[in-house]
Structures are given as C-alpha cells and as structure tokens.
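Fold and geometry: a report
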Amino acid sequence: MKLFSMLLAAMLALSLFGDAIDWSKADDVGNGMLFLRLALQKPCTQKVCILRIDVSNPKLRFTATRRDPLWGRPMPDRQGMTIRTKRVTTADFMMECRSRRLDLVAAFNAAPWVPWEKPFNHRYGDPSGVNITDGIVITDHRGKSPAFVVYKNRALDIVDEVPVSDYGKIKVAASGFSIVLRKDSVIAPDSDMTRHPRMGYGLSADKKYFYVITVDGREPGWSDGATLKELALLFVDAGAADAINMDGGGSTTLCLYDANKEIPVMMNHHKGNGRRNVASNIGVYVVK
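Heads up: these notes are all about the structure in this document. Note that the structure is a prediction, hence the values are computed from the model and not measured. (Residues numbered from 1 in each chain as written. Predicted model: local features only at pLDDT ≥ 70, side-chain atom pairs only at ≥ 80, totals over all residues. Heavy atoms only, no water.)

What follows deals with helix H2 (residues 90–99). Every buried residue of H2 is accounted for by Thr90, Ala91, Phe93, Met94 and Cys97. An end-on view of H2 places all buried positions within 160 degrees of arc, on one side of the element. In this structure, the buried residues of H2 make contact with strand S4 (60–64), strand S6 (103–109), strand S19 (254–258), strand S20 (263–266) and strand S21 (281–286). Phi turns positive one or two residues past the end of H2, at Arg101, with a value near 70 degrees. (Buried < 20%, exposed > 50% of the residue type's maximum accessible area, 1.4 Å probe, protein only. Helix = DSSP H or I, 4+ residues; strand = E, 2+ residues; numbered from the N terminus. Arc of directions from axis to C-beta. Contact = heavy atoms within 4.5 Å.)

Put into structure tokens, the structure is as follows:
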C-alpha cells in the first residue's frame, strides 16, 4: 500500500485506538518502521504520532545536522555567539540529505538551541549540550546534559551525559532536556502540570526498537499537549524502557518520505501550518 493511502487509513481509524497502543494496527511504512497516529481523550485531548524503528535492520543508519560552512565564526545577527549550524525546517533537512544521495526515510527535530529570543528569526543556531554528526563534533558544551547517542558500532543508547572519552566512539549524538523514563520507571516530575507540544525519543529494553513520539499542543479543540509525565507514560505504552524529552514546542516535527511523490510527509500538525527553522535534526536513511 502506498504511503499516502496508509496514512489516510490511519487517520480514518483514529476512533479505533482508544487509550491503548496496539502495534498490530500500525501502518508498515517500510524499512522496519511502523507508524501510528492516535487521537486520545484521556487525560486530555491529545493528537499523538508514534514511529517505531527496528534498528536491528542492518540497512538503517542515522545522521544529523552538519556543521555550517561558517562554523566557528561569530553569528552576524547575535553578538557574542558563534555559528554552529544553520537553522532549517526538518523537511528541508530531509531534502538536503537526499540531495547528497542519502536515502533519508525519516527525519525529526532534535536538540534545543540558542539564541531563542525576539525576533526569533536568527539564521544560525548553537545546539545545547553535546552534538555529534557523522563522527564530527558540532557542539561541545560540557556539563551533565542527557543525550540520545548512536555509536559507530550501530548501538543506540540514552545517556545521562556524554563523556569526552566517548566522542571517538560516536557517530551521532543529540542532547535533550531531560530523561523522563529510565529502566521502565517514570522519572518525570509529578509537579510538572504544564502541557506543551512534545518531542521525545525512546528505546526498548533490548535496544532493538527506537521510538519517536510527537504530541501536538497549544491548540484547544485539536490537541492540548502533554506534561512530561504524560509523555513518559506514552513511551511506556509504546514499549520503551528509556526515554528522553527533546526540543518540543513549535519545533516539534516528524517527517516521513513518500518516494512516490518525492516529498516529505509531515506527521504532526502545526498551528497555521507554519514550520519552524530549527538548529538540530536527526535523520534515518537506508544503505543499499
């Protein structure tokens, strides 16, 4: 079945899912990836997208936002800051990778970044924490910053911090805000009662499955968003044992590639159909 028809079937079947995550009802979007779109009413109105990737597939690889050609130079539109990456939409990141003959099939935004201040239109960004792309260090902000890591031996992990001694072992790393699930235990604070659009990554206990979860938010009547605990519980229901909260809010974007139409298909909804230029993205591609 073609990707667009599968996604349409998923949207028409929203009422079937209830609060449970049933992978037998997921759409197989190829390359060991399953996709679900959920419409939940408890604990609030939430539109949720979940991508599960079988990373035991030997043909799958990860990449991320590269250094900008002006990396290391002063930002022209933010005094006192240094260029690390250029801000682009996740869809544009996907197409740029494909222009370099990487068969990118999925892409999603990753690390938070600075500057994030009015007028919010800075051309470049400096992603938080430690970020590594194809073995090249993009940012090296020392300190305890949790991260999603893909090692050169293809192993995946969610770590509390990335020690400098591990840099040479890593192909891709992207720092997030906080770990919300660790060894099946929800560690997101109960005190967090604020719902926002969310982006999170998760791993199954055996590290076979990688999960990306997005929750639309700040759109009354469509989707209220999720607290950190609610995000963690979604990962539990999906089958993850560990999960990390990445850059959410208006940055939250998940794309799949439709080879028939040769375009990225946006999985989550943005108010006014706006797409934010972000400073950090991760992509999954297929090798022959």
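Having put the structure on the table, let's press on.
Okay, the packing of aromatic side chains next. To describe a pair of aromatic rings, you give the distance between the ring centres and the angle between the ring planes. Under the definition given, this model contains 10 aromatic pairs. Centroid distance Trp23 to Tyr211: 6.4 Å. Interplanar angle 45 degrees. Geometry classified as tilted. With Trp23 in the loop between helix H1 (3–12) and strand S1 (27–30) and Tyr211 in strand S17 (residues 209–215), this pair connects stretches of sequence that are 188 residues apart. With a centroid separation of 4.8 Å and 20 degrees between ring planes, the pair formed by Phe148 and Phe210 is classed as stacked. Residue Phe148 is found in strand S11 (residues 147–151), and its partner Phe210 is found in strand S17; the two are separated by 62 residues along the sequence. Of the residues examined, Phe148 reaches a relative accessible area of 0% and is grouped as buried. Owing to a relative accessible area of 0%, Phe210 belongs among the buried residues under this scheme. Taken together, the ring pairs connect Phe62, Phe108, Phe148, Tyr201 and Phe210 into an aromatic cluster. When the ring centre of Trp71 is taken as origin, the NZ or CZ atom of Arg67, which lies over that ring, is 3.6 Å away. (Phe/Tyr/Trp six-rings, centres within 6.5 Å; stacked < 30°, edge-to-face > 60°. Lys NZ or Arg CZ within 6 Å of the ring centre and 35° of its normal.)

Taken in spatial order, the 5 strands line up as S10-S9-S13-S11-S12 in an open sheet, and their pairing is antiparallel. The two strands at the open ends of the sheet, each matched to only one other strand, are strand S10 (136–140) and strand S12 (156–159). Each adjacent strand pair in this sheet contributes to an overall mean axis angle of 25 degrees, direction not counted. Bridging between strand S9 (residues 130–133) and S10 involves 4 bridges; their strand directions are antiparallel. The residue of S10 that forms the bridge with Thr133 is Ile136. (Pairing = 2+ DSSP bridges. Axes fitted to C-alpha atoms, helices over the stretch in contact; angles between N-to-C directions.)

Turning next to the pattern of salt bridges. Side-chain pairs of opposite charge can arise whenever the charged atoms involved come near each other. Counting across every chain of the model gives 11 salt bridges. It is possible to trace a salt-bridge network through shared partners that takes in Arg66, Glu96 and Arg100. (Salt bridge = Lys/Arg side-chain N within 4 Å of Asp/Glu carboxyl O.)

The 5 strands lie next to each other as S4-S21-S6-S19-S20, forming an open sheet whose pairing is antiparallel. Of all strands in the sheet, those bounded by a partner on one side alone are S4 and S20. Strand-to-strand twist of the sheet, defined as the mean angle between neighbouring strand axes without regard to direction, takes the value 25 degrees. Pairing of S4 with S21 involves 5 bridges; the strand directions are antiparallel. By the bridge assignment for S21, Ala64 is matched with Ile282.

Before going further, it helps to spend a moment on the side chain of Lys47. Tracing the backbone through its elements, the reader meets Lys47 in strand S3 (residues 46–54). For the buried Lys47, no salt bridge is present, and the opposite-charge side chain at shortest range is Asp216, 7.3 Å distant. If we ignore the near neighbours within four places in the chain, the residues touching Lys47 are Leu38, Ala39, Thr214, Val215, Asp216, Trp222 and Ser223. (Lys, Arg positive; Asp, Glu negative; His and termini not counted.)

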